[in-house]
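A look at the structure
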Amino acid sequence: MASPGGGGGDRFKEPMNTGAREWDAATYDEVSDPQFEWGMEVLERLELRGDEVAVDAGCGSGRVTAELARRLPAGRLIAVDGSTAMIEKARERLGDRVAEYVVTDLAELELAEPVDLVFSTATFHWIPDHDRLFRRIRTALRPSGRLVAQCGGAGNVASHTRAITAVAARPKFAPHFSRAEGIWNFAGPEETEERLRAAGFDRARCWLEDKPVTPERPLEFISTVTVGPLLAQLPEELKRPFAEAILAESEQPLTLDYVRLNIEAS
């Protein structure tokens with residue numbers, strides 16, 4: 001793959017080599033209202049008995065996890081995330097309402113016993129290998145188990161991607177991305193359904209939804225939610241200028257053209 005500084009306007013739509021990473025959990029908790037609202041929409045269409053054993057795969061700071069826990073009064077909930085900081089924030093919020101907290105890359109997910117439900121929002125697009133991800137999830141589920149998820153899908157944040165690519169190519173920043181690969185994996189519904197069936201799911205239904213967002217705190221939002229893996233590759237003195245340059249390259253006010261991929265499989 002070419003580097004961000006070497007051209008290629010769709011560079012940041014392709015998967016990078018690493019999945020799990022550390023996050024600024026405190027700031028994410030403050031600015032992630034859009035992700036929380038989308039998570040609640042997914043929860044609202046999730047039919048539960050209330051006694052299921054469930055995994056929140058990519059629990060983040062635990063805001064949606066708390067709402068899932070309320071819907072499982074007689075069940076058991078396992079919170080999983082690739083970020084230690086996120087798990088600590090979720091534990092601070094949820095305490096013993098969650099039976100188990102696990103720090104792991106979801107593509108390496110292993111559970112002691114199979115579960116009834118794997119639930120996930122705003123996470124799968126960070127995972128490079130969806131084939132492996134779905135195989136691990138299918139293995140983690142009971143034969144009658146379900147996967148209900150939402151993540152970034154094909155076309156997600158396209159205009160934001162163009163601004164990032166343009167700024168990353170500038171001489172000031174490009175040398176730091178000489179070995180960088182794409183930071184997102186935005187898949188379409190048809191290919192995702194095929195992957196789910198190949199992973200062992202009998203039924204799979206996927207679809208896209210447009211969800212544009214105008215962040216109230218755009219600098220903090222993009223620094224925490226969208227370009228964190230790139231900021232991690234920059235020296236400290238270039239992190240804020242990089243994020244500010246992306247905002248300056250974008251239309252004002254910043255509106256992110258989010259496209260969500262909904263996933264239901266069993």
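Everything here concerns the structure above.
These remarks concern the structure in this document.

1. Focus on the sheet that holds strand S6 (residues 204-210)
- With respect to topology, 7 strands assemble into an open sheet ordered S3-S2-S1-S4-S5-S7-S6, the strand pairing being mixed. At either end of the open sheet lies a strand with only one pairing partner, and these are strand S3 (100-103) and S6. Between one strand axis and the next, the sheet turns by 15 degrees as a mean value, whatever way the strands run.
- Strand direction decides the pairing type here: strand S4 (residues 115-121) and strand S5 (residues 141-152), joined by 6 bridges, are parallel. Each residue of the ladder has a partner; that of Leu117, found in S5, is Arg146.
- Across the sheet, helix H2 (residues 33-44) lies against S4, S5 and strand S7 (259-265), angled at about 150 degrees from S4, the strand it touches most.
- The strands touched by helix H7 (residues 189-198) are S5, S6 and S7; relative to S6, the strand with the most contacts, the crossing angle is about 155 degrees.

2. What to know about the layout of surface pockets
- Empty space within the largest pocket amounts to approximately 390 Å³.
- Among the elements of the structure, helix H8 (218-226), helix H9 (228-231) and helix H10 (236-249) are those that each provide at least two residues to the lining of the largest pocket.
- What the second largest pocket holds in volume is close to 210 Å³.
- Surrounding the second largest pocket, Glu30, Val31, Ser32, Asp33, Pro34, Glu37, Val213, Thr214, Pro215, Glu216, Arg217 and Phe221 form its lining.
- Residue assignment for the lining of the second largest pocket shows that the elements contributing at least two residues are helix H1 (25-31) and H2.

3. Thoughts on empty space enclosed by the protein
- Per the stated rule, a full pass over the model turns up 1 cavity of 30 Å³ or more.
- The volume enclosed by the largest cavity comes to roughly 530 Å³.
- Among the elements of the structure, H2, helix H3 (63-70) and H8 are those that each provide at least two residues to the lining of the largest cavity.

4. Points about the pairing of strand S2 (residues 76-81)
- Buried residues dominate S2, accounting for 5 of its 6 residues.
- Summarising the sheet, strand S1 (residues 53-57) and S2 pair through 5 bridges and their orientation is parallel. Counted as the bridge partner of Ala54 is Leu77 from S2.
- Between the parallel elements S1 and S2, the chain passes through H3 in a crossover that is right-handed.
- Where S2 lies against S3, 4 bridges are found, and the strand directions are parallel.

What counts and what doesn't
- Residues numbered from 1 in each chain as written.
- Predicted model: local features only at pLDDT ≥ 70, side-chain atom pairs only at ≥ 80, totals over all residues.
- Heavy atoms only, no water.
- Pairing = 2+ DSSP bridges.
- Helix = DSSP H or I, 4+ residues; strand = E, 2+ residues; numbered from the N terminus.
- Axes fitted to C-alpha atoms, helices over the stretch in contact; angles between N-to-C directions.
- Contact = heavy atoms within 4.5 Å.
- 1 Å grid on protein atoms, 1.4 Å probe; cavity = no way out; pocket = protein on both sides within 12 Å on 5 of 7 lines; lining within 4 Å.
- Points joined across faces, edges and corners; volume = space filled by probe spheres on them.
- Buried < 20%, exposed > 50% of the residue type's maximum accessible area, 1.4 Å probe, protein only.
- Right-handed = clockwise from strand over helix to strand, strands pointing away.

By themselves, these are just geometric observations and shouldn't be taken as functional.
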